[in-house]
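Coordinate inspection notes
Chain residues, written in single-letter form:
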Amino acid sequence: MKNKYRILKIVVTVIILGLLLSFSLKRFSSQKITDNKISVKMSEKTPVYFVDEKDIREIVKKENPSGKVGDLNIPSLEKKINALPAVDSANVYLNLNGKLNLDIKQRVPVFRLNKDGKDFYVDEKGIEFPTSRTYSHPCMLITGNVQPDEYEKLAELVEKIDKDDFSKKYFIGISKYKDSYNLLTSEGNYRVEIGDLDNIDFKVKGFKTFVEKYLVYQDPQKYSMVSVKYQNQIVTTLNPYFKENDSLLKAGKLELAKAPTPTVIPKKAEVKPKTAEAKKVSSVAAKPKESTKPKTHTKETKKTEKKTAAPAQSKPKPKPKVKIE
């Protein structure tokens, strides 16, 4: 009997708890999510404003027109917020008091890329997302035909420039021409050619040394390009529109004019062996002619001598005439 009473008590308590739970769930699901019960938090380190809190609240209202907790589909709402281009991640959850919490992390652009006439941002993960009509984030502008597999290296380069006081002062942009990258400077009319994105620290250090030891004492308008893409050397290109460079450019043109053209040298080298061979052939061909002529002459002289000697011997001596009386 005691066991039967215990089982009956357990069943009764379970039924009572189920009723209470269902009643509380009905009451909880019937609650309305007002604006006061919606909490939107942006958890990124760098403050950006691509996603507006008003837009998030409108998405919540569209996903839950009735405004009741029971009609809210949290996974669907979370998926819709994550689909926004400027959102990196979103976490949506409800408290026991019916408060809806939305923790949103926005994408922070590392640089802005102008490619094929279109502008868009790229974050540290190398993911593209469009620009905003209401907000523009201050970051470095990059132009040219940049490939997606180069985004991460470019992001590292921009971060290094932002952390270094010297680089941040000098470099204001990056451009890509063909396969070579150029750093655009804030002073003067020149650009710094770095080539590929390898050994960036070494290249920037070389340019810094060039600036501190030489370029500081020169007019920044003197050069149109400073190249550091070659190993252990710096190549500069003069600005043709800078008046003080006219004498240097003229001197360089005169030296180029004096220098022999490379096309003339191989022609002379090709003609000389031909003439030499022709002379050799002619000399070889002339020798047998000279040797044959005297031989024929000697034979002819011998024959003539024999011929002249033969009639001389054949003529009989005149006999004395004897008269017979």
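Structure's up top.
Below: a short report on this structure.

Reading the values: rules and limits
Residues numbered from 1 in each chain as written. Predicted model: local features only at pLDDT ≥ 70, side-chain atom pairs only at ≥ 80, totals over all residues. Heavy atoms only, no water. Helix = DSSP H or I, 4+ residues; strand = E, 2+ residues; numbered from the N terminus. Buried < 20%, exposed > 50% of the residue type's maximum accessible area, 1.4 Å probe, protein only. Contact = heavy atoms within 4.5 Å. Areas by Shrake-Rupley, 256 points an atom, 1.4 Å probe, with all protein chains shown as cover. Salt bridge = Lys/Arg side-chain N within 4 Å of Asp/Glu carboxyl O. Pairing = 2+ DSSP bridges. Axes fitted to C-alpha atoms, helices over the stretch in contact; angles between N-to-C directions. Patch = residues over 30% accessible without salt bridge, like charges linked within 9 Å, V, L, I, M, F, W, Y side chains within 5 Å. Expected span 1.5 Å × (residues − 1). Arc of directions from axis to C-beta. Phe/Tyr/Trp six-rings, centres within 6.5 Å; stacked < 30°, edge-to-face > 60°. 1 Å grid on protein atoms, 1.4 Å probe; cavity = no way out; pocket = protein on both sides within 12 Å on 5 of 7 lines; lining within 4 Å. Points joined across faces, edges and corners; volume = space filled by probe spheres on them. Nonpolar A, V, L, I, M, F, W, Y, C, P; charged D, E, K, R; others polar.

**Here we look at the overall build of the protein**
Scanning the protein for helices and strands turns up 8 helices and 12 strands. Within the protein, the fraction of its 325 residues that count as buried is 26%. The long-range fraction of contacts in the protein, counting pairs at least 24 apart against all pairs at least 6 apart in sequence, stands at 50%. Put simply, the protein shows about 24,000 Å² of open surface, and 57% of that area lies on carbon and sulfur atoms.

**Quick notes on the pattern of salt bridges**
For the structure shown, the criterion picks out 12 salt bridges. A salt bridge links Arg107 to Asp88; the shortest N-O distance between them is 3.6 Å. You can see Arg107 sitting in the loop between β3 (100–106) and β4 (109–115) and its partner Asp88 sitting in strand β2 (residues 87–94), a full 19 residues away along the chain. We note a salt bridge from Glu193 to Lys229, for which the minimum N-O separation is 3.4 Å. Here Lys229 lies in the loop between β11 (223–227) and β12 (235–238) and Glu193 lies in strand β10 (residues 191–195), a separation of 36 residues in the sequence. Judged by its relative accessible area of 11%, Glu193 is buried. Assessed through its relative accessible area of 34%, Lys229 is described here as partly exposed. Each of the salt bridges in this network shares a partner with another, and the network as a whole consists of Asp88, Arg107, Asp123 and Lys125.

**A short note on unusual backbone geometry**
The phi angle at Lys178 is positive, at roughly 60°, despite the residue not being glycine. One non-glycine residue, Asn199, adopts positive backbone phi at about 55°. Here Asn199 lies in the loop between β10 and α6 (200–213). Among the residues examined, Asn199 registers a relative accessible area of 58% and is labelled exposed.

**What about the sheet that holds strand β1 (residues 38–42)?**
Taken in spatial order, the 3 strands make up an open sheet running β1-β3-β2, and their pairing is mixed. The strands lining the two open edges of the sheet, one partner per strand, are β1 and β2. Across the sheet, the mean angle separating the axes of adjacent strands is 15° when strand polarity is ignored. In this sheet, β3 lies alongside β2 in antiparallel orientation, the contact comprising 7 bridges. Bridge pairing in β3 places Ser89 opposite Lys105.

**Describing the sheet that holds strand β6 (residues 128–130)**
Taken in spatial order, the 9 strands of this open sheet run β6-β5-β4-β7-β8-β9-β10-β11-β12, and their pairing is mixed. Each having just a single partner strand, β6 and β12 make up the two edges of the open sheet. The mean inter-strand angle of the sheet, taken between neighbouring strand axes irrespective of direction, is 25°. Contacts between helix α4 (residues 151–163) and the sheet are confined to β4, β5 (118–123), β6, β7 (140–143), β8 (171–177), β9 (180–185) and β10, with β4 contributing the most and set at about 120° to the helix. Each of β8, β10, β11 and β12 is contacted by α6, which is oriented at about 150° to β10, the strand it contacts most.

**Looking at a nonpolar patch on the surface**
Together, Tyr5, Leu8, Val12 and Ile16 make up an exposed nonpolar region whose accessible area comes to about 390 Å². Here Val12 shows up in helix α1 (residues 2–29).

**With respect to α6**
With 14 residues, α6 should reach 20 Å at 1.5 Å per residue; the first-to-last C-alpha distance of 20 Å fits that figure. Listed in full, the buried residues belonging to α6 are Ile200, Lys203, Val204, Phe207, Phe210 and Val211. Taken down its axis, α6 places every buried residue within 120° of arc, on the same side. Residues Phe202, Lys205 and Lys213 are exposed on α6 and point more than 90 degrees away from its buried face.

**Quick word on the packing of aromatic side chains**
Scanning all chains against the criterion turns up 12 aromatic pairs. Residues Phe50 and Phe129 carry aromatic rings whose centres are separated by 5.5 Å and whose planes lie at 85° to one another, so their mutual orientation is edge-to-face. A residue pair is termed long-range when its members are at least 10 positions apart, and Phe50 in the loop between β1 and α2 (53–63) and Phe129 in strand β6 qualify at 79 residues. Owing to a relative accessible area of 11%, Phe50 belongs among the buried residues under this scheme. Joined through ring pairs, the aromatic side chains of Tyr49, Phe50, Tyr121, Phe129 and Tyr135 make up one cluster.

**Details of the layout of surface pockets**
Size it by volume and the largest pocket reaches roughly 510 Å³. Forming the boundary of the largest pocket are 24 residues, of which Thr46, Val108, Pro109, Val110 and Glu124 lie nearest the centre. Those elements giving two or more residues to the lining of the largest pocket turn out to be β3, β4, α4 and β8. Partitioned by chemical class, the residues of the lining of the largest pocket number 9 nonpolar, 4 polar and 11 charged. Taken as a whole, the second largest pocket holds about 180 Å³ of empty space.

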